[in-house]
Amino acid sequence: MVSEPLILAFDTSAAHCAAALLQGERVLVSRAEPMGRGQAERLMPLLQEVLDQAGFAWSDLDRIGVGIGPGNFTGIRISVAAARGLALSLGIPTIGISTLDAIRAQARVGAPCVPAPRDMAYTQTGKAAPELVAIATVTDPVFPPEPALLAELMARLAAQAAQDGPPPAPLYVRPADAAPARDLPPVILDDA
C-alpha cells in the first residue's frame, strides 16, 4: 500500500509565522503564531514542532508549499529562502503559492485582497498582474483567512500543483521600503 504524500506548507508574508502538515486530504497539524518581527528566528523551530507533533521527520516529507506573497518584503524572503533550502537539502519539490491564489481557493466570489499599510491592499483581477490599490476602491474585497487556515490552503494548493515547475520566487508587487544607509562608510587606513 502506497501512503499518501506528506506536504508541509508555511507562510511568513504577514505579521505571523504559520505552518500546516497535510497528508492526503487530512490536515495533521496546523499552527500559527502572530508576530510583527522574529519570523526568521521562529520559522524553523515552528516547523520542527509541527513535524514532531504529527510524529514525522524531515525525511518523510514529499513536497513543500510556501507562501510567496504579496506582503511583507522581508517575511516573503524568509519563507521562500527556507523553502528553497529545505527542498534542495531534502531532494523534494517546493511549490510557491500566492496568498491571492489561496484566498481564491477558499472564496470563489469577490476580489482577493491582501492588506497593506496606509489603507492599501494588494489585489488581482483575472489574469492581470497583482497591483497595490486603495482598499476603498476594491469592490467586494475578500481578505485572507486566519494564518493557520491560510497555511492549510497553501498545503492543499501545493498538493494539487505540478511538481516540475521552477523554484518558488517572491511575489513582489512593489519595491522594498528600505532606505539607503545614512552612515558614512568606514575609513580604510593603509598601513603601508
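Coordinates for the structure precede this section.
All of the points below concern the structure found in this document. The structure displayed is predicted, hence computed values, not measured ones.

Section: the packing of aromatic side chains
Here is step 1 of the chain: Summed over the entire model, instances satisfying the criterion amount to one aromatic pair.
Here is step 2 of the chain: For the pair Phe73 and Tyr172, a centre-to-centre distance of 4.5 Å together with 25° between the ring planes defines the contact as stacked. In this pair, Phe73 is assigned in helix H2 (residues 73-90) and Tyr172 in the segment after helix H4 (147-160), connecting sequence segments 99 residues apart.

Remarks on the sheet that holds strand S3 (residues 26-34)
Here is step 1 of the chain: One open sheet holds the five strands; their spatial order is S3-S2-S1-S4-S5, and the pairing between them is mixed. The sheet is open, and its two edges are formed by S3 and strand S5 (94-97), each paired on a single side. Neighbouring strand axes in the sheet, compared pairwise and without regard to direction, differ in orientation by 15° on average.
Here is step 2 of the chain: Direction of pairing for strand S1 (residues 6-11) relative to strand S4 (residues 63-67): parallel, over a ladder of four bridges. Bridge pairing in S4 links Ile7 to Arg63.

Points about the pattern of salt bridges
Here is step 1 of the chain: Taken as a whole, this structure holds six salt bridges when the rule is applied.
Here is step 2 of the chain: Glu25 serves as the salt-bridge partner of Arg156, at 3.5 Å between the closest nitrogen and oxygen. With Arg156 in helix H4 and Glu25 in the loop between strand S2 (16-23) and S3, this residue pair connects regions lying 131 residues apart in the sequence.
Here is step 3 of the chain: Ionic pairing is found between Glu33 and Arg31, a salt bridge with its closest N-O pair at 3.5 Å.
Here is step 4 of the chain: Three or more residues are tied together by salt bridges with common partners; here these are Arg31, Glu33, Arg42 and Glu49.

Rules of the game
Residues numbered from 1 in each chain as written. Predicted model: local features only at pLDDT ≥ 70, side-chain atom pairs only at ≥ 80, totals over all residues. Heavy atoms only, no water. Phe/Tyr/Trp six-rings, centres within 6.5 Å; stacked < 30°, edge-to-face > 60°. Helix = DSSP H or I, 4+ residues; strand = E, 2+ residues; numbered from the N terminus. Pairing = 2+ DSSP bridges. Axes fitted to C-alpha atoms, helices over the stretch in contact; angles between N-to-C directions. Salt bridge = Lys/Arg side-chain N within 4 Å of Asp/Glu carboxyl O.

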